[in-house]
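Overview (structure and organization)
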Amino acid sequence: MGTDTQKKRLNAEDFYQISCIGELSADRSGTQIAWRETCWDTEKPLPRQDFVQRIHRKELAGGTEEIITAGGTSESRPLFLADGSILFLSDGPDTPALPEPGTMEQRRVNELFLAPQLYRWYRGHVTKLTHFLHGVEEYQVSPDERYTLLNVWNYAGDTPDNLVRERTERERRQLAAQYAARPVVIDKIPFVGDRELGYSSDRTQSLWLLDLQTGAVRCFLHADCGFDEPIWTPDGNAILYSDTDENGSLCFLRKEITDTDCRQGGKVWASVQGIQAGFDGLYPCFSADGAWLLFAGNLPEDEYNMPKLLYAIPASGGEHLEPVCLIDPAKTMDGIMPDTFLWTMGDTGRDFVPAEDGCCYFTSALQGSLHLFRVPINGTGMAEPEPVWAG
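Structural notes, computed from the coordinates. (Residues numbered from 1 in each chain as written. Predicted model: local features only at pLDDT ≥ 70, side-chain atom pairs only at ≥ 80, totals over all residues. Heavy atoms only, no water.)

1. Structural notes on the pattern of salt bridges
Using the following cut-off: Salt bridges are defined as contacts in which a side-chain nitrogen from Lys or Arg sits within 4 Å of a carboxyl oxygen from Asp or Glu. Counting from the N terminus, the helices are the DSSP runs of H or I reaching at least four residues and the strands are the DSSP runs of E reaching at least two. Burial status follows relative accessibility: with a 1.4 Å probe on protein chains alone, a residue under 20% of its type maximum counts as buried, one over 50% as exposed, and anything between as partly exposed.
Evaluation of the coordinates by the stated rule reveals ten salt bridges. Between Arg54 and Glu75 there is a salt bridge; the shortest N-O distance is 3.7 Å. Taken together, the positions of Arg54 in strand S3 (residues 51–59) and Glu75 in strand S5 (residues 75–80) put the pair 21 residues apart, joining distant regions of the chain. Residue classification places Arg54 among the partly exposed positions, given a relative accessible area of 25%. Given the relative accessible area of 0%, Glu75 is considered buried. For the salt bridge of Glu59 with Arg57, the shortest nitrogen-to-oxygen distance reads 2.9 Å. Put simply, Arg57, Glu59 and Glu66 are held in one network by salt bridges that share partners.

2. Side note on the packing of aromatic side chains
Applied cut-off: Between rings of Phe, Tyr and Trp, where Trp is taken as its six-membered ring, a pair exists when centres lie within 6.5 Å; planes separated by under 30 degrees are stacked, by over 60 edge-to-face, and by other angles tilted.
On inspection of all chains with the given rule, the structure shows five aromatic pairs. With 5.8 Å between their ring centres and 20 degrees between their planes, Phe88 and Tyr119 make a pair best called stacked. Of this pair, Phe88 sits in strand S6 (residues 86–90) while Tyr119 is found in strand S7 (residues 117–122), placing the two residues 31 residues apart along the sequence. Here Phe88 and Tyr119 have matching classes, each one buried.

3. Thoughts on empty space enclosed by the protein
Formally: A cavity, in this analysis, means grid points on a 1 Å lattice covering only the protein atoms where a 1.4 Å probe fits yet has no way out; a pocket is instead an open set bounded by protein on both sides within 12 Å along at least five of seven lines, and a residue lines either one if it has an atom within 4 Å of a point. Grid points are joined across faces, edges and corners, and a volume is the space filled by probe spheres set on the points. Note on residue categories: nonpolar means Ala, Val, Leu, Ile, Met, Phe, Trp, Tyr, Cys or Pro, charged means Asp, Glu, Lys or Arg, and polar means any other residue, Gly included.
Here the structure, examined in full by the defined rule, presents two cavities of 30 Å³ or more. In this structure, the second largest cavity encloses a volume near 40 Å³. Taken together, the elements giving at least two residues each to the lining of the second largest cavity come down to strand S9 (136–141) and strand S10 (147–155). Classifying every residue of the lining of the second largest cavity by side-chain character gives five nonpolar, two polar and one charged.

4. Observations regarding the sheet that holds strand S16 (residues 238–244)
To be explicit about the condition: Here, a strand pair is defined by DSSP locating no fewer than two bridges between the strands. Only C-alpha atoms enter the line fits that serve as axes; for helices the fit covers just the stretch in contact. Angles between N-to-C directions range over 0 to 180 degrees.
Taken in spatial order, the five strands of this open sheet run S15-S16-S17-S18-S22, and their pairing is mixed. In the strand order of this sheet, the two ends are held by strand S15 (228–232) and strand S22 (318–321), each with one partner. Shown here is a sheet whose adjacent strand axes are inclined to one another by a mean of 25 degrees, direction ignored. With two bridges joining them, strand S18 (residues 267–272) and S22 adopt parallel strand pairing. Within the sheet, the bridge partner assigned to Val272 lies in S22 and is Leu321.

5. Thoughts on the nonpolar core
The criterion, for reference: Among buried residues, the Ala, Val, Leu, Ile, Met, Phe, Trp, Tyr and Cys ones that are joined through side-chain atoms within 4.5 Å form a nonpolar core. Contacts between residues were defined by any pair of non-hydrogen atoms, one from each residue, lying within 4.5 Å.
Formed by 34 residues in total, the largest nonpolar core has its most connected members in Phe252, Leu293, Leu294, Phe295, Ile313, Leu326 and Phe352. Those residues in contact with Leu326 that sit more than four places away from it in its chain are Leu294, Leu310, Ala312, Val375, Pro376, Ile377, Asn378, Met382 and Ala383. Counting 16 residues, the second largest nonpolar core, distinct from the first, contains Leu81, Leu87, Tyr139 and Cys262.

6. Considering the pairing of strand S21 (residues 309–314)
Among the six residues of S21, five are classified as buried, and the element is accordingly described as predominantly covered. By the bridge criterion, six bridges tie strand S20 (residues 292–297) to S21 in an arrangement that is antiparallel. Within S21, the position partnered with Gly297 by the bridge is Leu309. Relative to strand S23 (residues 324–325), S21 runs antiparallel, the two being bridged by two bridges. Following the sheet pairing, Ala312 is matched in S23 by Val324.

Listed below in structure tokens is the structure:
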């Protein structure tokens, strides 16, 4: 008995839609979850019309699945609050049609039109919480859920006063034309050796505080202050962010949320010796017990690489601290030498997750596959990471 084997050439129609899920969030009771689904439509033109992002919510005890939407085409970053409501980002229901892609000016027009805002879903109702001209890049909720820290897009010449008013479609189109006509500012940063890497620097960011109880929003740090990777302190009373001092040392600065001067930066909370931020960032976060500040970094000679090692400093701060390296680069991980990088996961830029068991979990790409490791968080020095999972 023979077998007739047929071959078929795959066309674009065979991949009309490709979807994936991510950004999973669970409520505190553990009874419901929310996630972002991304669907790529291969018949639509690039760059922004080729995919749709939606937020899904589901009751775990046999409940039905529903889509939470503010009517936009790109919705992301779902986060449950204690009252069961969900925060998420969306470009909203009134996004105009986009021009065909191609030039830098057209992409900048698209960014103005696709400015994501923060929304809140509660018992079937969706409320728009922000009205920023250029949209919200990302957000972080304070530990007590009173405030939300907003990372907001800016362009040269923007002031806090002209960023936070809802525009009409006509005004948005006029502003889009105005920004598209401006030249793109190119700056240079050193890369490796004598080479330089050019990048567009005409867009900066500022930090804002949104009061989730009253809806009031105010500028917390304007762009000219300079800041990197802001996070909440465990007590929720201040924002911590990183910078470099005049000597080139890594610093963490603390600014109290009661400080109402948005052009005044924070005070140095800790300075760290002998560590450089990797080209991909520090990813700072506090341990689950609030006793340590964790961050990824490199030795000075590896400054322009992605972060390789995991460090900790006491949450009390201090000057000229020598950070504790939690990963021993001389050890092997499950028989594989750890000559690799901490692996960037997801859109929030967190490579590692502190857990209640006093350990930190992180992922790393080894020999073409993803591995999950665990390392204890303490001040006793370097340890060999324990392999937990490989996939």
